[in-house]
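Now for the letters of each chain:
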Amino acid sequence: MNKKFYVITIVDGNAIKIKLKKWWRDNIGPTNKISHALFFALLADGWKSEVIGNEILLISADAVNGGEEEIVLPNFINQNEEFHIAEINNTDGNFELMSTLFSSFIESYTGLKEHGILRNQKYITGQLGEWIASILFEADIATNGINQYWDLEDAQGNKYQVKSHAKSHTTNARWSKIEYPANAPINFIVIVVFNPNYKLQELYKIPFEEALNRCTSKYILNWIRVNQYKFDNLRELLQENNLGFIAS
């Protein structure tokens with residue numbers, strides 16, 4: 001089955017789905033490159049991708065939530081063909097089970113907001129990552145939710161920028177985008193990697209200058225290049241801080 005490539009981006013507040021080559025011609029310029037080449041060019045530039053059936057969707061930065069792995073799912077205005085979203089089944093008709101699970105989710109979500117772990121309805125992955133990092137590194141979360149450069153500050157004045165990811169089992173991408181000027185007030189880059197069920201899978205704490213030096217083009221920091229800053233004793237670290245319940 002041939003894969004079809006599409007771009008999803010925001011235009012006048014609406015999510016637009018358009019064929020990749022048409023979008024490229026309209027926004028970048030004429031090209032004779034194959035769709036695969038254009039696909040990898042946008043990935044290198046920080047776009048996200050999702051696969052739905054035989055379609056590969058490239059999602060622009062303005063259509064992706066700040067949690068980096070959470071894709072915005074509004075109603076699409078399709079410029080090419082009708083966009084069908086598969087109906088969600090009711091787990092073989094077990095409505096009572098779905099009702100119980102959804103009620104539990106609402107209760108948990110409300111509690112997380114009441115205790116300040118979640119501060120808004122967006123960027124859930126990012127907020128969970130910041131909270132975990134604040135516990136592990138004994139740092140305070142910035143009160144300014146739109147701070148330009150850093151998310152946490154510890155008692156010594158060290159400032160941390162936290163990059164959080166929730167990886168599906170089918171995602172092979174292992175990198176973070178570090179797009180900050182060299183003089184930014186950041187001491188450490190923290191990379192928090194969850195599995196699909198939000199168990200903590202990997203954790204990195206990288207001196208900011210080292211993170212910049214090890215970036216490839218387009219501000220991409222491949223995790224393998226900072227493997228020496230990965231916490232190998234993650235489970236023990238979590239248990240010491242009473243966070244063993246999130247250990248993968």
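Structure first, text after, so check above.
Residues numbered from 1 in each chain as written. Predicted model: local features only at pLDDT ≥ 70, side-chain atom pairs only at ≥ 80, totals over all residues. Heavy atoms only, no water.

K.L.:
Whenever I open this one, the packing of aromatic side chains confuses me. Can you help?
P.N.:
The description of an aromatic ring pair rests on the distance of the ring centres and on the angle between the ring planes. Counted by the stated rule, this structure contains eight aromatic pairs. Taken together, a centroid distance of 6.0 Å and an interplanar angle of 45° make the contact between Phe137 and Phe231 tilted. Highlighted residues: Phe137 in the loop between helix H4 (124–136) and strand E6 (139–141) and Phe231 in the loop between strand E12 (220–222) and helix H6 (234–240), separated in sequence by 94 residues. Their ring planes at 70° and their centres at 6.4 Å tell us that Tyr149 and Tyr180 sit as a pair that is edge-to-face. Of the two residues, Tyr149 is situated in the loop between E6 and strand E7 (152–154) and Tyr180 in the loop between strand E9 (175–177) and strand E10 (188–194); the sequence distance between them amounts to 31 residues. You'll find Tyr149 and Tyr180 in the same group, each marked buried. Geometry around Tyr6 places Lys17 over its ring, the cationic atom sitting 4.2 Å from the centre. The lysine or arginine in question, Lys159, covers the ring of Trp150, its NZ or CZ lying 5.3 Å from the ring centre. (Phe/Tyr/Trp six-rings, centres within 6.5 Å; stacked < 30°, edge-to-face > 60°. Helix = DSSP H or I, 4+ residues; strand = E, 2+ residues; numbered from the N terminus. Buried < 20%, exposed > 50% of the residue type's maximum accessible area, 1.4 Å probe, protein only. Lys NZ or Arg CZ within 6 Å of the ring centre and 35° of its normal.)

K.L.:
Is there a simple way to explain the sheet that holds E7 in this structure?
P.N.:
Sheets are built from strands that pair by backbone hydrogen bonding, the pairs being arranged parallel or antiparallel. As summarised here, the arrangement of the five strands in space is E6-E7-E8-E10-E11, forming an open sheet in which the pairing is mixed. If you trace the sheet from one side to the other, it starts and ends with E6 and strand E11 (200–207), each paired once. Averaged over all pairs of adjacent strands, the angle between strand axes in this sheet comes to 25°, irrespective of strand direction. Pairing analysis gives seven bridges linking E10 to E11, with the strands arranged antiparallel. Residue pairing for E11: Val193 is matched across the bridge by Glu202. (Pairing = 2+ DSSP bridges. Axes fitted to C-alpha atoms, helices over the stretch in contact; angles between N-to-C directions.)

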